[in-house]
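# Examining the three-dimensional arrangement
Okay, here's what each chain looks like letter by letter:
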Amino acid sequence: MEFSAVNTIWVLLGAALVFFMQAGFAMVETGFTRAKNAGNIIMKNVMDFSLGTPLFWLVGFGLMFGSGKFIGSYAGIASPENYAAVSPEGVPFWAYLIFQTVFCATAATIVSGAMAERTKFSSYLIYSAVISAVVYPIEAHWIWGGGWLSDLGFHDFAGSTAVHMTGGIAALIGAKVLGARIGKYSKKGEARAIPGHSLTLGALGCFILWFCWFGFNGASTVSMSGSAIESASKIFVTTNIAAAVATVTTMVFTWIRYGKPDVSMTLNGSLAGLVAITAGCDTVSPVSAAIIGIIAGIAVVVGIEIVDQKFKIDDPVGAVGVHCVNGFLGTVLVGIFSDGSGTDVKSLIYGGGFKLLGIQLLGAGAVIVWTGVLMLITFTLIKKTVGLRVSAEEEILGLDATEHGLESSYADFASAPVSDTMARAEEKAAAGTELSHQVPVHKAVTVTAVENAVTNNSMDKYTKLSILCRPNRLQTLQDALNAINVKGITVSNVMGYGVQKGHEEYYRGVKKVATTLLPKVKVEVVVSKVPVETVIEVAKKALYTGNIGDGKIFVYDVEDVVKVRTGERGYDALQDE
């Protein structure tokens, strides 16, 4: 075979981009879960690819590309000698092998987020091995390896079904068999949101995935010569339009539904649009891609809500709503919007009737049954033998510590008040106690000298003001106090609530776990020469927003002050060194 340099480079570039999607998934999943499990999430994503690579090379590739209509006839490990006729025109076998390997790894890693924060690491590795070696290769053979769905004319250009719906179904089954995280549902079965620790990481992962998706979809032409040049260019456009429109749609939909545009759900909307367009990115117009984006942007919100609140399946990152729901929709919508440029027949709206739509429904249904049955058997066997879930104690402590021996994935940056509070919440939920009966947790983070007076008079009265405020108002308060010569402060991070038991907060449309424990900052100052009422009025002005939770000011008499180093008392003890 005479190789094409441009085609080979295109396939290798696509493989590199799809490989980098592992980083995107790792960041999304890490950001949408709690800090105490960050290292565990990273390890699972690393091992999905590292374990899946040799297994796909040794077994999976043969099952996917061997001859046969239902299961590829295995002819040995992946090599040019065994599968010489598989490679696309002008592309070396080895380039095609790595390209297919990274697609397999993508299907496997989708499950990691749905089963996050409570799965045994060893058990997860078993699942990863099964999907990489058996589940994905066989259903992908039906679609891309010359199998029976391919013969029928089933169209899944880059993997809405083969990759994303397969991973989404596995995520659904795994999360259901595994069970919800401690504290996720109340005694009455009401869903409680457990916010992730870093929307910033989640957004970074979303942008990485969006970027890499151009390789995922575009490079699936496996050619960049002749008519493939225009096809790849169009694929870039339809992929981007669907993702962008889905993002905007989800933002607007959550704004209407929740009263505020939900950040994490909007990020899921971007991914939903990408998943939905993947099947038909080569055969739909930009207008159709936009419509697919609108459908995906709404479907992801509704799907996540149904899975979370109706089915009571705990999916921390929304993997089922993104990949399963929109993988299915994207596949079926090919039968409605295909203009015939990449399919054997045109779709419904282009005058092709229901034939293509029926084929798409049949293919998606077959993959659902195959993946669902195999994954149910796999997870059930794991659960009955080695065990699928960590103990309640290990879950509360976090998998970083219990599974990997990490004190923290964020050494020197751990937030003790939040971590301690959530741990107590989980302990009480595990014991069947309502979360609303917890007590605040306090820990000082900075301590400085305090005072503001200009004269030395040991007979002056000293007053301490303890000001509770929102964390984002701290700098405003500090500037205001400095302006009236109150310069020394003590600042503490605290958690608690007032007599109103805290105002309700929502995450992805669901009430947060332990919403009565709100993060606050406690600012303490001691004044002598500056009138107490002046400090109070300045603080009120700096902190006022008119909403519940603006804070409170407590006023105390101070009997005496003692400087530890010198033994000085009263006003002298408050002076700078």
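Residues numbered from 1 in each chain as written. Predicted model: local features only at pLDDT ≥ 70, side-chain atom pairs only at ≥ 80, totals over all residues. Heavy atoms only, no water.

### Let's talk about unusual backbone geometry
- Not every positive phi belongs to a glycine, and K312 is a case in point at roughly 60°.
- Among the structural elements, K312 can be located in the loop between α10 (286-310) and α11 (319-337).
- The exposure class of K312 is partly exposed, given its relative accessible area of 36%. (Helix = DSSP H or I, 4+ residues; strand = E, 2+ residues; numbered from the N terminus. Buried < 20%, exposed > 50% of the residue type's maximum accessible area, 1.4 Å probe, protein only.)

### What to know about helix α17 (residues 532-543)
- When the terminal C-alpha atoms of α17 are compared, their 17 Å separation across 12 residues agrees well with the 16 Å that a helix rising 1.5 Å per residue should span.
- V535, I536, A539, A542 and L543 are the residues of α17 that are buried. Burial along α17 is one-sided: seen end-on, the buried residues are contained in an arc of 135°. Along α17, exposed side chains directed more than 90 degrees from the buried face belong to E533 and K541.
- Those residues of α17 that are buried lie in contact with β2 (462-469), α16 (474-483), β6 (518-527) and β7 (552-558). (Expected span 1.5 Å × (residues − 1). Arc of directions from axis to C-beta. Contact = heavy atoms within 4.5 Å.)

### Quick notes on helix α8 (residues 228-258)
- Look at α8: 44 Å from first C-alpha to last across 31 residues, which is about the 45 Å you get at 1.5 Å a residue.
- When α8 is considered as a whole, its buried residues turn out to be A228, A232, I235, T238, T239, A242, A243, A246, T247, T249, T250 and T254.
- Those residues of α8 hidden inside the fold are in contact with α1 (5-31), α7 (199-218), α9 (263-277) and α10.
- Of the residues flanking the end of α8, it is G259, one or two places downstream, whose phi is positive at about 90°.

### Concerning a nonpolar patch on the surface
- Residues W57, L58, V59, Y74, I77 and W94 make up a contiguous nonpolar surface patch of roughly 540 Å² in combined accessible area.
- Looking at which element gives the most residues to the nonpolar patch, the answer is helix α2 (residues 38-65), with three residues.
- Counting through the fold element by element, I77 comes out in the loop between α2 and α3 (93-114).
- The exposure class of I77 is partly exposed, given its relative accessible area of 35%. (Patch = residues over 30% accessible without salt bridge, like charges linked within 9 Å, V, L, I, M, F, W, Y side chains within 5 Å. Areas by Shrake-Rupley, 256 points an atom, 1.4 Å probe, with all protein chains shown as cover. Salt bridge = Lys/Arg side-chain N within 4 Å of Asp/Glu carboxyl O.)

### Thoughts on the packing of α9 against α10
- Between α9 and α10, whose axes approach to 8 Å, the crossing angle comes to 130°. Taken together, α9 and α10 sit at an angle that is classed as oblique. The crossing of α9 and α10 is right-handed. Across the interface between the two elements, M265, N268, G269, A272, G273, A276 and I277 of α9 pack against A289, I292, A296, V300, V301 and I304 of α10.
- Looking at the contact of α9 with α10 residue by residue, the class counts come to 10 nonpolar, three polar and no charged. (Axes fitted to C-alpha atoms, helices over the stretch in contact; angles between N-to-C directions. Parallel < 35°, antiparallel > 145°, perpendicular 65-115°, else oblique. Left-handed = near helix turned anticlockwise from the far one by under 90°. Nonpolar A, V, L, I, M, F, W, Y, C, P; charged D, E, K, R; others polar.)

### Side note on the side chain of T109
- Position of T109 relative to the elements: it lies in helix α3.
- With relative accessibility at 0%, the residue T109 sits in the buried group.
- Setting aside residues up to four positions removed in sequence, T109 forms contacts with Q22, F25, E29, N45, D48 and Y124.

### So, the nonpolar core
- F61, Y127, Y136, W142 and F379 are the most contacted members of the largest nonpolar core, which totals 110 residues.
- Ranked by the residues each element gives to this core, the list is headed by α3, at 14 residues.
- Excluding its chain neighbours within four sequence positions, the residues that come into contact with F379 are V111, M115, Y127, A170, I173, G174, V177 and L388.
- Counting residues in hydrophobic clusters, the runner-up holds 19 residues, among them I467, L477, V521 and V535. (Core = buried A, V, L, I, M, F, W, Y, C linked by side-chain atoms within 4.5 Å.)

### A short note on the confidence of the model for the protein
- Across the protein, the average pLDDT comes to 89, with 88% of residues at or above 70.
- Note that pLDDT drops below 50 for residues 414-421; the model gives that stretch 12 contacts with residues more than four away or on any other chain.
- Overall, residues 433-458 carries pLDDT values under 50, and its contacts beyond four positions in sequence, including any with other chains, amount to 83 contacts. (pLDDT = per-residue confidence, 0-100.)

### A closer look at the environment of S73
- Positionally, S73 belongs in the loop between α2 and α3.
- As for S73 and G62, which are separated by 11 residues in sequence, their C-alpha atoms are 7.0 Å apart.
- Excluding residues within four positions of it along the chain, S73 makes contact with G62, G66 and S67.

### Some words on the environment of G167
- For G167, the location among the structural elements is in helix α6 (residues 160-178).
- Residue classification places G167 among the buried positions, given a relative accessible area of 0%.
- As a C-alpha pair, G167 and G327 span 160 residues in sequence and 9.4 Å in three-dimensional space.
- Not counting the four nearest positions on each side in its chain, G167 is found in contact with A107, I110 and V111.

### Observations concerning the pattern of salt bridges
- In total, this model carries 14 salt bridges according to the counting rule given.
- For the salt bridge of K69 with D151, the shortest nitrogen-to-oxygen distance reads 2.8 Å. Taken together, the positions of K69 in the loop between α2 and α3 and D151 in helix α5 (residues 148-152) put the pair 82 residues apart, joining distant regions of the chain.
- A relative accessible area of 43% places K69 in the partly exposed class.
- Put simply, R569 and D560 hold a salt bridge, and the shortest N to O gap is 2.7 Å.
- A relative accessible area of 53% places R569 in the exposed class.
- When salt bridges with common partners are traced through the structure, they connect R34, E117, R181 and D314 into a single cluster.

### Topic: the pairing of β2
- Counting buried positions along β2 yields six of eight residues, so the element is predominantly enclosed.
- Two strands pair when backbone bridges link them, and β2 and β7 are joined in this way by seven bridges, in the antiparallel orientation. Residue pairing across strands places L468 opposite K552, the latter belonging to β7.
- For β2 and β6, the ladder comprises seven bridges, and the chain directions are antiparallel. In the sheet register, C469 faces β6, and the bridge partner there is V521. (Pairing = 2+ DSSP bridges.)

### Thoughts on the packing of helix α4 (residues 121-144) against helix α12 (residues 355-384)
- Taken N-terminus to C-terminus, the directions of α4 and α12 make an angle of 160°; their axes are 11 Å apart at the nearest point. When the axis of α4 is compared with that of α12, the two are roughly antiparallel. As for the relative orientation of α4 and α12, their crossing is right-handed in sense. Counted together, S123, I126, Y127, V130, V134, V135, I138, E139, W142 and I143 of α4 and A366, V367, W370, T371, L374, M375, T378, F379 and I382 of α12 form the full contact between these two elements.
- Classifying every residue of the contact of α4 with α12 gives 15 nonpolar, three polar and one charged.

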